[in-house]
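This is what each chain is made of:
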Amino acid sequence: MNNYFVDFFCRHTIKGFLDHQEGMALYQHALSVAAIGPCLEIGSYCGKSTVYLGQACQSTGNALFAVDHHRGSEEHQPGEEYHDSELFDASRNRMDSFQVFRDTLRSSQLEECVVPVVSTSALVLKHWRMPLGLVFIDGGHSPEMSLADCVGWSDRIVAGGKLCIHDIFESPSEGGQGPYLAMRAVLARGDYEFRELVGSLAVLQRHD
């Protein structure tokens with residue numbers, strides 16, 4: 001399956017901040033939870049992580065719910081460090097990555113196993129009842145939003161399932177501390193164990 005990703009990403013450029021090593025880790029962990037429950041990601045952006053997770057779900061008959069309001073995080077807004085003018089809708093004066101995300105689903109042939117959920121993480125979490133096998137968190141990176149996402153969604157994962165958190169930086173000199181502090185908060189509750197760190201991707205597993 002490595003050959004699929006090499007071929008796909010050679011033919012298509014997908015905007016995003018996930019490197020291939022992290023993506024392959026997501027792919028492998030999504031394969032491992034196929035018998036446990038569906039996968040869900042917070043923060044699809046243009047669909048780079050969606051391709052890795054979606055391929056695993058497609059090959060195992062699983063499903064991926066891709067949650068994103070597609071208006072960009074704080075760092076994507078005009079004047080901020082990661083603003084991309086190609087994703088800015090000047091006619092509406094706002095960021096909008098949804099059409100690019102849909103294009104990614106179509107080009108990767110994942111429309112039959114990925115369910116786009118265009119909404120905020122908080123709203124979806126409030127009404128979510130389906131047990132999950134894996135959740136990938138890559139949404140807002142402020143301490144408040146990271147904590148709400150990681151702690152809230154960790155409660156929706158079944159025993160044996162996995163919580164994957166992107167942009168884990170132990171030192172402030174390496175990057176923002178929101179996801180790292182949120183990971184620590186989940187581990188402090190005692191029902192998750194740390195499994196591995198691949199690049200900046202942390203993988204925790206629920207054991208209760």
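What this report covers is the structure whose coordinates are included nearby. (Residues numbered from 1 in each chain as written. Predicted model: local features only at pLDDT ≥ 70, side-chain atom pairs only at ≥ 80, totals over all residues. Heavy atoms only, no water.)

1. Re the overall build of the protein
Here's step 1: A count of helical and extended segments in the protein gives seven helices and nine strands.
Here's step 2: In the protein, buried positions account for 50% of the 208 residues.
Here's step 3: If you take every contact in the protein between residues at least 6 apart in sequence, the share linking residues at least 24 apart comes to 70%.
Here's step 4: In the form shown here, the protein has an accessible surface area of approximately 9700 Å², with 52% of it arising from carbon and sulfur atoms. (Helix = DSSP H or I, 4+ residues; strand = E, 2+ residues; numbered from the N terminus. Buried < 20%, exposed > 50% of the residue type's maximum accessible area, 1.4 Å probe, protein only. Contact = heavy atoms within 4.5 Å. Areas by Shrake-Rupley, 256 points an atom, 1.4 Å probe, with all protein chains shown as cover.)

2. With respect to the packing of helix α6 (residues 143-154) against helix α7 (residues 178-188)
Here's step 1: Their axes nearest at 8 Å, the elements α6 and α7 cross at an angle of 35°. The chirality of how α6 crosses α7 is right-handed. Two secondary-structure elements touch here, α6 through Pro143, Ser146, Leu147, Cys150, Val151 and Ser154 and α7 through Gly178, Pro179, Ala182, Ala185 and Val186.
Here's step 2: Split by residue class, the contact of α6 with α7 holds eight nonpolar, three polar and no charged. (Axes fitted to C-alpha atoms, helices over the stretch in contact; angles between N-to-C directions. Left-handed = near helix turned anticlockwise from the far one by under 90°. Nonpolar A, V, L, I, M, F, W, Y, C, P; charged D, E, K, R; others polar.)

3. A look at the packing of aromatic side chains
Here's step 1: In the structure shown here, the tally under the stated rule is eight aromatic pairs.
Here's step 2: Summarising the aromatic geometry, the rings of phenylalanine 5 and tyrosine 27 are spaced 5.3 Å apart at their centres and angled 75° between planes, so their arrangement reads as edge-to-face. In this pair, phenylalanine 5 sits in helix α1 (residues 2-11) while tyrosine 27 sits in helix α2 (residues 20-32), placing the two residues 22 residues apart along the sequence.
Here's step 3: The exposure class of phenylalanine 5 is buried, given its relative accessible area of 1%.
Here's step 4: For tyrosine 27, a relative accessible area of 5% corresponds to the buried category.
Here's step 5: Centre to centre, the rings of phenylalanine 5 and tyrosine 52 are 4.7 Å apart; their planes meet at 25°, and the pair counts as stacked. Of this pair, phenylalanine 5 sits in helix α1 while tyrosine 52 is found in helix α3 (residues 48-60), placing the two residues 47 residues apart along the sequence. (Phe/Tyr/Trp six-rings, centres within 6.5 Å; stacked < 30°, edge-to-face > 60°.)

By themselves, these figures tell us nothing about what the structure is for.
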